[in-house]
Amino acid sequence: MKREQFGSRLGFILVSAGCAIGLGNVWKFPYMAGKYGGAAFILVYLLFLVILGLPIIVCEFSVGRASQKSIATSYNALEPPHTRWHYARWAAIAGNYLLVMFYSMVGGWMLYYCFRMAKGEFASVTASEVSEKYTGMLSSVPTLMFWTVLVIVLSFGICSIGLQKGVEKIMKITMLCLLGIMVILTIRSVTLTGSSEGLRFFLVPDFERMAKNGIGNVIFGAMSQAFFTLSIGMGGMAIFGSYLDKKRSLAGESLSIVLLDTCVALMAGLIVIPSCFAFGVEPDAGPGLVFITLPNIFTQMAGGRIWGSLFFLFLFCAALSTIVGVFENIVSFWMDLFGWKRTKAVGINILLITVLSIPCILGFSVWSGFQPLGAGTNIMDLEDFIVSNNILPLGSVVYLLFCTHKNGWGWKNFIQEANSGDGLKFPAKSSLLYDTYPAVGRSRDLSERLLRHVPPAGNDYFCDLDADRTGLSWIYRIYFQQPEKTEKIIKNWYRQVLFHTADTSTFLSFYLFSKRRSARIHIACTMIAA
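Just so you know, these numbers come straight off a predicted model, no measurement behind them.

(A) Spatial organisation of the packing of helix H15 (residues 287–300) against helix H16 (residues 304–338). Remark: H15 packs on H16, axes separated minimally by 9 Å, with the N-to-C direction vectors making an angle of 150 degrees. Comparing the axis directions of H15 and H16 gives the class roughly antiparallel. Note on packing geometry: the crossing formed by H15 with H16 is right-handed. Mapping the contact onto sequence places Val 290, Phe 291, Leu 294, Pro 295 and Phe 298 in H15 and Gly 304, Trp 307, Gly 308, Phe 311, Phe 312 and Leu 315 in H16.

(B) Main features of the packing of aromatic side chains. Summed over all chains, the structure comprises 38 aromatic pairs. An angle of 35 degrees between the planes, with centres 5.7 Å apart, marks the rings of Tyr 75 and Tyr 399 as tilted. Of the two residues, Tyr 75 is situated in helix H5 (residues 74–78) and Tyr 399 in helix H18 (residues 379–404); the sequence distance between them amounts to 324 residues. For Tyr 75, a relative accessible area of 2% translates into the label buried. Overall, Tyr 399 belongs to the buried group, its relative accessible area being 1%. Measuring from ring centre to ring centre gives 5.5 Å for Trp 109 and Phe 291, while their planes differ by 80 degrees; the resulting arrangement is edge-to-face. Of this pair, Trp 109 sits in helix H6 (residues 88–119) while Phe 291 sits in helix H15, and the two are 182 residues apart along the sequence.

(C) Spatial organisation of the packing of helix H1 (residues 9–20) against helix H9 (residues 163–190). Relative orientation of the contacting elements H1 and H9 amounts to 70 degrees, with a least axis distance of 9 Å. Judged by the inter-axis angle, H1 sits roughly perpendicular to H9. With respect to the hand of their crossing, H1 and H9 are arranged in left-handed fashion. Contact residues: H1 offers Leu 10, Gly 11, Leu 14, Val 15, Ala 17 and Gly 18, while H9 offers Val 167, Glu 168, Met 171, Lys 172, Met 175 and Leu 176. Classifying every residue of the contact of H1 with H9 gives eight nonpolar, two polar and two charged.

(D) Main features of the pattern of salt bridges. Applying the stated rule across the entire model yields twelve salt bridges. The partner of Glu 121 in a salt bridge is Lys 133, with the nearest N and O atoms 3.5 Å apart. Of this pair, Glu 121 sits in the loop between H6 and helix H7 (127–139) while Lys 133 sits in helix H7, placing them twelve residues apart in sequence. Taking the shortest distance from any N to any O, the salt bridge between Arg 209 and Asp 206 comes out at 3.3 Å. On the basis of relative accessibility, which here comes to 16%, the residue Arg 209 falls in the buried class.

(E) Geometry of H1. Along its twelve residues, H1 runs 17 Å from first to last C-alpha, staying within 8% of the 16 Å computed at 1.5 Å per residue. Counting buried positions over the twelve residues of H1 gives ten, a clear majority of the element. Among the residues of H1, Gly 11, Phe 12, Ile 13, Leu 14, Val 15, Ser 16, Ala 17, Gly 18, Cys 19 and Ala 20 are the ones counted as buried. Those residues of H1 hidden inside the fold are in contact with helix H2 (24–27), helix H4 (39–67), H9, helix H13 (236–241), helix H14 (250–278) and H16. By the N-cap criterion, in which a side-chain oxygen at the helix start approaches the backbone nitrogen of a residue two or three places on, H1 is capped by Ser 8, the distance to Gly 11 being 3.0 Å.

Calculation rules
- Residues numbered from 1 in each chain as written.
- Predicted model: local features only at pLDDT ≥ 70, side-chain atom pairs only at ≥ 80, totals over all residues.
- Heavy atoms only, no water.
- Axes fitted to C-alpha atoms, helices over the stretch in contact; angles between N-to-C directions.
- Helix = DSSP H or I, 4+ residues; strand = E, 2+ residues; numbered from the N terminus.
- Parallel < 35°, antiparallel > 145°, perpendicular 65-115°, else oblique.
- Left-handed = near helix turned anticlockwise from the far one by under 90°.
- Contact = heavy atoms within 4.5 Å.
- Phe/Tyr/Trp six-rings, centres within 6.5 Å; stacked < 30°, edge-to-face > 60°.
- Buried < 20%, exposed > 50% of the residue type's maximum accessible area, 1.4 Å probe, protein only.
- Nonpolar A, V, L, I, M, F, W, Y, C, P; charged D, E, K, R; others polar.
- Salt bridge = Lys/Arg side-chain N within 4 Å of Asp/Glu carboxyl O.
- Expected span 1.5 Å × (residues − 1).
- Polar contact = N/O pair within 3.5 Å; in protein donor to acceptor, adjacent residues only side chain to side chain.

The structure is reproduced here in structure tokens:
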């Protein structure tokens, strides 16, 4: 069967960006940026978006386009004989199912609140009543079930039409609507009386605020947000790469997607933060921001019913674009693995995901006593933790190893595929990052202290190792200047430091900066073990 392809370059970029753009752009990024120093945090975030997110997304697209397959058989098509890279597909597809088991429900929340806002249900209500409405929604199993199933059927309905007529055509409209609504909401937010303080809080660099929260926390927070915002590691980008022709190079296309995702995150901040300041509300993060804080603002705002409806429509579009992208990956998985027709894969998975979503729905009421990650947590938190903190980062490491290691697909094959076509080329020299970045720390004394496990005196930029995961930061500071010596340090010390940090973004950034193949293998293996 001939592989389907996107009808246009714009369709590919918008659909891929839609998969990356999600609710984390709205209910996490603005809060983190404001808390960690505004523009100072954003600059650090953008740096790690380029050195962490961009290379991995190019890897995924390359594997997908070269194999013309989904995660189900892409490794099989490219791996050397008698290797077992294809085993990674089971973790990847499990991650996709775990993600939509709770994300479909959250998408249902957005659609339900859009309906409630349009109906005028939040007109002239008090703050306590807004909170009660949110709590009442979570405790109502029939309500959650109805809106979750509606989102599942709607999303799979789009996938059932096909790639060009369904996913591409409808997601282009959805994404353009999302961007249009965001522009309208941004203009309204920044023109509110008192919004200037919010703009200053969000956009003006505040290094004092950054230092107050801990430079290490800011750096690693920016790393994590940059990594997880792109939804990489589970084949979500590889599937869209498999629908792509070779007319354009993948680095340029990936950069367009990263820029679009970043613009949405920044506009979300311009919507949320100034609005909170204009009405004297403390910016929050997570569902509390979306379903309690912001509805309270809309009740006080002139025309709040219209603005609230538009806001939740925007959130639903953001959620729908991600859900459809994941569903397309799931449908293609079974089509490639078993040769099913698209309609059969859609029908079976509608029933399967509906059933799999029930535990998450019940976790807010009947099964609320089950708190797997500690007091106050629920089944959704567990599913999110498994995906975000485990499957996504480990899947990304597998893609990196597969594309760069001689026992995988290999660096030469990866570069040849990534740079096929017109446009921006991915650096063909594997050590470009190493050669481009100047030495951050040059003193031999720092090297000797590191060998003796002693922190440098008076170092106010990084915290103590036991306090905040800084061992690798020392290595960063000398690795560029003394690679041979650092290689010895890695072999003698990397297990202690890496096991101590257990930070995914740190692993990946150090992996990307490592010039020597043996160091990259050590780091990847330690990450998997940690």
